[in-house]
Amino acid sequence: MAVTAKNLCKDEFFYGHKACAGCGGSLAVRNALKVLGKNAVAVLPAGCMSAVGFNFPQLCFANNAIISTFAGTSSMLTGIEAGFRRRGITDFTAVGFAGDGGTADIGIQALSGAIDRNDNIIYICYDNEAYMNTGIQKSGLTPFGAKTTTTPAGENIRGNIRPKKNMFEIVAAHDISYAATATVGYMTDFLNKIEMLHIPEKIFMRLHLLLLFLMMVLLMRTLSLKMRKTASKR
Amino acid sequence: MKPYLREKTQFGFHDVPENTCFEAGYLVTKNSGWRSIRPVVEHGKCTGCMQCYLYCPDGVISIENKKAVVDYKFCKGCGICSKICKTGAIEMEAEK
């Protein structure tokens, strides 16, 4: 069933946070958690969403949430998924919200490993195209020519000299079954892509990855065994 | 339900190891001081289309009796609701 504003969960799971007024990343986190529901376990590496969400004693996540190491978002998601599976709990969703630096630069190795292991996790990258939390340093996903504090536009160089990494193609090259981009500008599309990842009946192995590029999200999912069977029949 | 504002309890240095964990959604401070302009809903024009509720990054807008209601304790005054409103029911007014 398509998710709209009317049938979206009324509960708030990311509330009272200290993000800047009008933050697109917090909008993505808030609406993603509303779709995934109260049993979602959020993993947040170093970045804006962990900085604004956990100002002790102000705890802004109304579901389970944990701060991971910068490089270890995917590995912590893997561990959470394995731990719940070991305890026999099935109605949960392990979801990670990492920025572009935490995905394309620092966390790419753990991400690649999680895709390779075919884990049952959701990975969301909200890409604001630089390390915005620490004062706009260049990341791997900063576009060509962008002026940041580490690539200043001046007489010698005109901003960033390297093109933006194609993170979508990098993840798709792992032979992952579902990959998509979305933006918080088109919220219904964004909600429905997350709803596609959040399938109520337990698919044995799936991996969902969602990468948000400055308002654009890539959604990816590895082949479930069910889907593999249907694919091989074709 | 939404997380709600609670009493801020004072604790000393010796309490910190016990106090590092509260229940999820434990809010003790407001965000209303961040605001220089505030959204004011004109109930005659509001049709309850829920777009302001959908696009609010802080989730402070709820729809009650098909009218938008703003939680001013946590609204930061970004003005997205005013921009997204098709009927022009939400106006941004200066904080006094």
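It should be noted that the structure appears before, not after, this text.
Remember, it's a predicted structure, so these values are computed and weren't measured experimentally. (Residues numbered from 1 in each chain as written. Chains lettered and ligands numbered in written order. Predicted model: local features only at pLDDT ≥ 70, side-chain atom pairs only at ≥ 80, totals over all residues. Heavy atoms only, no water.)

Some thoughts on the overall build of chain A
Right, on to step 1. When helices and strands are counted, chain A shows eight helices and eight strands.
Right, on to step 2. Out of the 234 residues in chain A, the part that is buried amounts to 52%.
Right, on to step 3. Of the roughly 10200 Å² of accessible surface on chain A, 59% is carried by carbon and sulfur atoms. (Helix = DSSP H or I, 4+ residues; strand = E, 2+ residues; numbered from the N terminus. Buried < 20%, exposed > 50% of the residue type's maximum accessible area, 1.4 Å probe, protein only. Areas by Shrake-Rupley, 256 points an atom, 1.4 Å probe, with all protein chains shown as cover.)

Things to note about the overall build of chain B
Right, on to step 1. The number of helices and strands found in chain B is three helices and four strands.
Right, on to step 2. The order of helices and strands in chain B, counted from the N terminus, is α-β-α-β-β-α-β.
Right, on to step 3. Long-range pairs, those at least 24 residues apart, make up 59% of the contacts in chain B with a sequence separation of at least 6.
Right, on to step 4. As displayed, chain B offers around 5700 Å² of accessible surface, 54% of which is attributable to carbon and sulfur atoms. (Contact = heavy atoms within 4.5 Å.)

Here we look at the interface of chain B and chain A
Right, on to step 1. In this complex, chain B contributes 31 residues to the contact, which on the side of chain A involves 35 residues.
Right, on to step 2. Both faces combined, the contact of chain B with chain A buries some 2700 Å², and carbon together with sulfur accounts for 59% of it.
Right, on to step 3. For the interface between chain B and chain A, the tally reads zero salt bridges.
Right, on to step 4. The tally of links from chain B across to chain A stands at 20 residue pairs in polar contact (both at pLDDT 80 or more).
Right, on to step 5. With three residues, helix α2 (residues 51-55) of chain B is the single largest residue contributor to the side of chain B that touches chain A.
Right, on to step 6. In the side of chain B that touches chain A, the residues fall into 19 nonpolar, six polar and six charged. (Buried area = accessible area lost by both parts, 1.4 Å probe. Salt bridge = Lys/Arg side-chain N within 4 Å of Asp/Glu carboxyl O. Polar contact = N/O pair within 3.5 Å; in protein donor to acceptor, adjacent residues only side chain to side chain. Nonpolar A, V, L, I, M, F, W, Y, C, P; charged D, E, K, R; others polar.)

So, the pattern of salt bridges
Right, on to step 1. Under the counting rule described, the total for this entry stands at twelve salt bridges over all chains.
Right, on to step 2. Linking R35(B) and E95(B) is a salt bridge whose minimum nitrogen-to-oxygen distance equals 2.7 Å. Of this pair, R35(B) sits in the loop between α1 (16-19) and β1 (37-41) while E95(B) sits in the segment after β4 (90-94), placing them 60 residues apart in sequence.
Right, on to step 3. Here E95(B) falls in the partly exposed class, since its relative accessible area comes to 27%.
Right, on to step 4. As a salt-bridge pair, E95(B) and R38(B) come within 2.9 Å of each other at their nearest N and O atoms. Taken as a pair, E95(B) in the segment after β4 and R38(B) in strand β1 lie far apart in primary sequence, 57 residues in all.
Right, on to step 5. Taken together, the shared-partner salt bridges in this structure form one network comprising E12(A), R30(A) and K34(A).

Things to note about the nonpolar core
Right, on to step 1. In this structure, L33(A), V95(A) and F97(A) are the most contacted members of the largest nonpolar core, which totals 55 residues.
Right, on to step 2. When neighbours within four sequence positions are excluded, V95(A) is seen to be in contact with L33(A), L36(A), A40(A), V41(A), A42(A), V43(A), L77(A), I122(A) and I124(A). (Core = buried A, V, L, I, M, F, W, Y, C linked by side-chain atoms within 4.5 Å.)

Overview of the pairing of strand β3 (residues 67-70) of chain B
Residue and element names in this part refer to chain B.
Right, on to step 1. Alternating positions in β3 separate cleanly, A68 and V70 being buried on one face and K67 and V69 remaining unburied on the opposite face.
Right, on to step 2. Looking at chain direction, strand β2 (residues 61-64) and β3 are connected through four bridges and run antiparallel. Across the sheet, residue I61 finds its bridge partner in β3, namely V70.
Right, on to step 3. Between β2 and β3, which pair antiparallel one after the other, the connecting turn spans two residues, and N65 there sits at a positive phi close to 55 degrees. (Pairing = 2+ DSSP bridges.)

Focus on the packing of aromatic side chains
Each aromatic ring pair is summarised here by two numbers: the centre-to-centre distance and the angle between the ring planes.
All names here are of chain A.
Right, on to step 1. Per the counting criterion, the structure on display carries four aromatic pairs over all chains.
Right, on to step 2. A centroid spacing of 4.5 Å and a plane angle of 25 degrees characterise the contact between F84 and F92, whose relative ring orientation is stacked.
Right, on to step 3. What makes F84 partly exposed here is its relative accessible area of 22%.
Right, on to step 4. The class of F92 is buried, set by a relative accessible area of 9%.
Right, on to step 5. An aromatic cluster is built from F14, F54 and F61, whose rings are joined through pairwise contacts. (Phe/Tyr/Trp six-rings, centres within 6.5 Å; stacked < 30°, edge-to-face > 60°.)

Considerations on the packing of helix α1 (residues 24-36) of chain A against helix α7 (residues 187-197) of chain A
Residues and elements named next belong to chain A.
Right, on to step 1. At a closest axis distance of 9 Å, the pairing of α1 and α7 adopts a crossing angle of 45 degrees. In terms of their interaxial angle, α1 and α7 are classed as oblique. Here the hand of the crossing between α1 and α7 comes out right-handed. Listed contacts from α7 to L27, A28, N31, A32, V35 and L36 of α1 are M187, F190, L191, I194 and E195.
Right, on to step 2. Each residue belonging to the contact of α1 with α7 can be placed in one class, and the counts come to nine nonpolar, one polar and one charged. (Axes fitted to C-alpha atoms, helices over the stretch in contact; angles between N-to-C directions. Parallel < 35°, antiparallel > 145°, perpendicular 65-115°, else oblique. Left-handed = near helix turned anticlockwise from the far one by under 90°.)

Remarks on α7(A)
Right, on to step 1. Within α7(A), the full set of buried residues consists of M187(A), F190(A), L191(A), K193(A), I194(A) and L197(A). Along the axis of α7(A), the buried residues cluster in a sector spanning 160 degrees; they form a single face. (Arc of directions from axis to C-beta.)

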